[in-house]
Amino acid sequence: MNYYSLNKKAENASFKDAVIKGLAPDKGLYFPESITPLPSSFFDNIDNLSHTEIAFEAIKQFVSPEIPNDILKTIVEDTLNFNFPVVQLNNTISTLELFHGPTMAFKDVGARFMARCLGYFNKDNNEEVTVLVATSGDTGGAVANGFLGVKGVNVVILYPSGKVSDIQEKQLTTLGKNITALEVNGTFDDCQAMVKTAFLDEELTSQMQLTSANSINVARWLPQLFYFMFAYKQLHNKYEEIVFSVPSGNFGNVCAGMMAQQLGLPIKHFIASNNENNVVTRYLQTQEYTTKPSVQTISNAMDVGDPSNFIRIQEIYKNAFNTLKDNLSSYSFSDAITKEAMLEIYNNYNYVADPHGAVGYLGCKAYLKDHPNTHCVFLETAHPTKFLDVVEDVVKVKQPLPPQIKAVMGKEKVSVKISTYSDLKAFLLKIT
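The structure displayed is predicted, hence computed values, not measured ones. (Residues numbered from 1 in each chain as written. Predicted model: local features only at pLDDT ≥ 70, side-chain atom pairs only at ≥ 80, totals over all residues. Heavy atoms only, no water.)

**Some remarks on unusual backbone geometry**
For residues other than glycine, phi is negative in most cases, and the peptide bonds are mostly trans. For the bond running from Ser64 to Pro65, omega is 0°, close enough to zero to count as cis. Of note, Pro65 is situated in the loop between α3 (51-63) and α4 (69-79). One non-glycine residue, Asn319, lies in positive phi territory at about 60°. Secondary-structure assignment places Asn319 in the loop between α14 (310-316) and α15 (321-327). Its relative accessible area of 57% is what places Asn319 among the exposed residues. (Helix = DSSP H or I, 4+ residues; strand = E, 2+ residues; numbered from the N terminus. Buried < 20%, exposed > 50% of the residue type's maximum accessible area, 1.4 Å probe, protein only.)

**Quick notes on the pattern of salt bridges**
Under the definition given, this model contains 8 salt bridges. Close ionic contact of Lys425 with Asp201 constitutes a salt bridge, the shortest N to O distance being 3.1 Å. Of this pair, Lys425 sits in helix α20 (residues 421-431) while Asp201 sits in the loop between α8 (188-199) and α9 (202-205); the two residues are 224 residues apart in sequence, bridging distant segments of the chain. Classification of Asp201 by relative accessible area gives buried; the value is 12%. Put simply, Glu203 and Lys425 hold a salt bridge, and the shortest N to O gap is 2.7 Å. Of this pair, Glu203 sits in helix α9 while Lys425 sits in helix α20, placing them 222 residues apart in sequence. (Salt bridge = Lys/Arg side-chain N within 4 Å of Asp/Glu carboxyl O.)

**Considering the UniProt feature "domain: Tryptophan synthase beta chain-like PALP" (unreviewed entry) in the protein chain**
UniProt feature "domain: Tryptophan synthase beta chain-like PALP" (unreviewed entry): in the numbering of this structure it lies at residues 96-371. In the segment residues 96-371, helix accounts for 45% and strand for 15%; the C-alpha atoms at its two ends are 20 Å apart. (UniProt positions renumbered as here; feature names shortened; annotations may be inferred.)

**As for the packing of aromatic side chains**
All told, the structure shown has 20 aromatic pairs when counted by the stated rule. Ring centres of Phe82 and Phe84 lie 5.0 Å apart, and the angle between their planes is 40°; on these two criteria the pair is classed as tilted. Note on accessibility: Phe82 and Phe84 belong to one class, buried. Through a chain of ring-to-ring contacts, three or more aromatic side chains come together here, namely Phe82, Phe84, Tyr227, Phe228, Phe230, Phe244 and Phe270. (Phe/Tyr/Trp six-rings, centres within 6.5 Å; stacked < 30°, edge-to-face > 60°.)

**Regarding the sheet that holds strand β6 (residues 129-134)**
Spatial strand order, β9-β6-β7-β8-β14: 5 strands in an open sheet with parallel pairing. Of all the strands in the sheet, just β9 (209-211) and β14 (416-418) have a single pairing partner and so form its edges. Each neighbouring strand pair of the sheet contributes to a mean axis angle of 25°, computed without reference to strand direction. Note that strand β7 (residues 153-160) and strand β8 (residues 179-184) share 6 bridges and pair parallel. Directly across from Ile157, in β8, lies its bridge partner Ala181. (Pairing = 2+ DSSP bridges. Axes fitted to C-alpha atoms, helices over the stretch in contact; angles between N-to-C directions.)

**Examining the sheet that holds strand β3 (residues 30-32)**
Strand order in this open sheet of 3 strands is β2-β1-β3, and the pairing throughout is antiparallel. Since the sheet does not close on itself, it has two edges, and those belong to β2 (13-14) and β3, each with one partner. Bridging between strand β1 (residues 2-5) and β3 involves 3 bridges; their strand directions are antiparallel. Residue Ser5 lies in a different strand from β3, and its bridge partner there is Tyr30.

**Points about the side chain of Asp335**
On the secondary structure map, Asp335 appears in helix α16 (residues 335-349). No salt bridge forms around the buried Asp335; measuring N to O, its nearest opposite-charge neighbour Lys339 is 6.4 Å away. (Lys, Arg positive; Asp, Glu negative; His and termini not counted.)

**Some remarks on the packing of α3 against α4**
As a packed pair, α3 and α4 sit with axes 10 Å apart at the nearest point and diverge in direction by 125°. Our classification of the angle between α3 and α4 gives oblique. The element α3 and its partner α4 pack so that their crossing is right-handed. Here Thr52, Ala55, Phe56, Ile59, Lys60 and Val63 of α3 come into contact with α4, specifically with Asn69, Leu72, Lys73, Val76 and Glu77. (Parallel < 35°, antiparallel > 145°, perpendicular 65-115°, else oblique. Left-handed = near helix turned anticlockwise from the far one by under 90°. Contact = heavy atoms within 4.5 Å.)

**Topic: the pairing of strand β11 (residues 269-274)**
Among the 6 residues of β11, 6 are classified as buried, and the element is accordingly described as predominantly covered. Here β11 shows two buried faces, one formed by His269, Ile271 and Ser273 and the other by Phe270, Ala272 and Asn274. Two elements, strand β10 (residues 242-247) and β11, share 5 bridges in a ladder whose sense is parallel. Bridging across to β11, Phe244 finds its partner in Phe270. You can see the chain leave β10, run along helix α12 (residues 252-262) and come back into β11, and the turn it takes is right-handed. Looking at chain direction, β11 and strand β12 (residues 328-332) are connected through 5 bridges and run parallel. Within β12, the residue paired with Phe270 across the bridge is Leu328. (Right-handed = clockwise from strand over helix to strand, strands pointing away.)

Structure follows, in structure tokens:
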């Protein structure tokens, strides 16, 4: 499979080159040259397939021939060594739990898959690759865990100071080894802008090989289509029409669901559930796409004012606004309404949702008002204890800590504070 830049001003790249480069030389995101739908028999027989078999068949066209099938099967199996259960709340709403991995966030899938792909590509390479990544919360921990100890890979994570939860910060600042955390005086958008600038800085790129582990990287983004298929397997015999409500920040997750749709997954519609960072909600209402500075909310992983992956969504639907609206709805919710939803979920269903999942739940409720005959699945993208202060303040019940969280709580935070791109560049040049 080859990949082209969405800016259309760079040469096509192989999967390997797209993974290692992260961003195309013309600043564009990479997109697969073709998408071949899976045969209808695949979905007819999905009940008889394991998670590994489903994921292997779904992803192999995007990585072939550069990763042999036997290696790819091992990568997929190693990536997916935890569960993806669907929990039904009522007849019209379920949640897909994506927090059973090592860092208890949906990004474990993409980070683990990408780390294993990069490890395979680097197995005979003596040159080091530096993974440079910005995080609004969960990406940092997932990437740090996924790449910890991977041969020939250094990881540098930028995160906004004071704008991630305590546990999220612990997960990305306490591992050491080949992981370094840079604490940025600014927002996630500032972190992301620094990363993009670094990729285009020839003084840097001439001295070191940089790649990204944000969802701009095809190996981080595409594997997220797996769990939409896993949810479909669990629900398709119960419900005729299934809709996914995806808490959305950088829009990689909902975009991956749309790629599953392009592969033939029988999903008619998606919901992008926003917090007050609502660029896409406003776009679908006005047809005017205007980015804006991000604002801080209790669902911090979605605090993105310039979502990188939305251009991929536009590409999927050939930049046709009406086609996009046929496939995507979007709603925006305040922190106050999100807290009300968390309490409602707990009181009505004895289920503890994190703030991001609660935004997804609200998206379900909004969509179901006009589409009562659908079954809506919201993605619970992170374990509620990753947002302990907010969750316990809302539900008024102390939450037990799972082993993955307990493991980092007592560790010492180690970070390097920076404020400007010049600070980042100086740090990177120092470690070359």
